[in-house]
Amino acid sequence: MNLIVAVDANWAIGNKGDLLIRIPNDHKFFREETTGKVVVLGRKTLETFPQGMPLKNRTNIILSSNPDYKVKDAIVVHSTEELMEELKKYNSEDIYIIGGDSVYRQMLPYCDVAHVTKIDHVYAADAYFPNLDETEEWKVAADSDEQTYFDIAYQFVKYVRAKPEMA
């Protein structure tokens, strides 16, 4: 299972229910990675999308604790257990966790690949992603050259979960 996230220099991902910055190349990368795939997200993240509608050309699975929550053109599940059961229907490599912070935290233990856009800037934020650089569990598998959007430098970094050493 994959996750895809954009973080600032402090691993922040959002503020007051919105992204920290919108970088067109990051959105392009996101589209290329997730189109035709399964995306898993929370209700609050869905509500930040245009008209609060699921993403086109993807299977959208929304995690919401509200048992009455329904979304046109999306699958709604109400617990991690229900989500894991639903995800069995899909190839794990085609599943992308796309936020927000509580969904990332719940699903991180199940992910093997993390696509992280690292933005070399610090923003005011109230939502964070766990710092993968501070754990031996995750290793950098690939990274792009540094890119810029106006005066903001950023880089695409692919992390993979380190395989346990064989005894």
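Residues numbered from 1 in each chain as written. Predicted model: local features only at pLDDT ≥ 70, side-chain atom pairs only at ≥ 80, totals over all residues. Heavy atoms only, no water.

The subject of this paragraph is the pattern of salt bridges. Counting across every chain of the model gives eight salt bridges. Here Lys88 ties to Glu85 by a salt bridge, and the two come within 3.0 Å at their closest N and O atoms. For Lys88, a relative accessible area of 62% translates into the label exposed. Taking the shortest distance from any N to any O, the salt bridge between Lys89 and Glu86 comes out at 2.9 Å. (Salt bridge = Lys/Arg side-chain N within 4 Å of Asp/Glu carboxyl O. Buried < 20%, exposed > 50% of the residue type's maximum accessible area, 1.4 Å probe, protein only.)

So, on to unusual backbone geometry. A cis amide bond links Gly99 to the next residue, Gly100, at an omega of 0°. Mapping Gly100 onto the fold places it in the loop between strand E7 (95-97) and helix H4 (101-107). A positive phi angle, close to 55°, is found at Gln51, a residue other than glycine. When you line up the elements, Gln51 lands in the loop between helix H2 (43-46) and strand E5 (59-63). (Helix = DSSP H or I, 4+ residues; strand = E, 2+ residues; numbered from the N terminus.)

Our focus in this paragraph is the nonpolar core. One finds Leu3, Leu87, Ile97, Phe129 and Leu132 to be the most contacted residues of the largest nonpolar core, which totals 28 residues. Ignoring anything within four residues of it in the chain, the contact list for Leu87 reads Met1, Val38, Val40, Ile61, Ile95 and Met107. Formed by 22 residues, the second largest nonpolar core is a distinct cluster that contains Ile23, Phe29, Val71 and Val76. (Core = buried A, V, L, I, M, F, W, Y, C linked by side-chain atoms within 4.5 Å. Contact = heavy atoms within 4.5 Å.)

Turning our attention to helix H3 (residues 80-87). Each full turn of the α-helix corresponds to 3.6 residues, which orients residues three or four apart in the same direction. Within H3, burial applies to Thr80, Leu83, Glu86 and Leu87. Looking down the long axis of H3, one finds its buried residues gathered within 120° of arc, a one-sided arrangement. As for H3, its buried residues are in contact with strand E4 (38-42), E5, strand E6 (75-77), E7 and H4. (Arc of directions from axis to C-beta.)

The tally for this structure, following the rule as stated, stands at six aromatic pairs. When the centroid spacing of 4.8 Å and the interplanar angle of 35° are considered together, the rings of Phe29 and Phe156 count as tilted. In this pair, Phe29 sits in helix H1 (residues 24-34) while Phe156 sits in strand E12 (residues 152-161), placing the two residues 127 residues apart along the sequence. No difference in accessibility class separates Phe29 from Phe156, as the two residues are buried. An aromatic cluster is defined as three or more aromatic residues linked by ring pairs; in this entry it consists of Trp11, Tyr104, Phe129 and Tyr159. (Phe/Tyr/Trp six-rings, centres within 6.5 Å; stacked < 30°, edge-to-face > 60°.)

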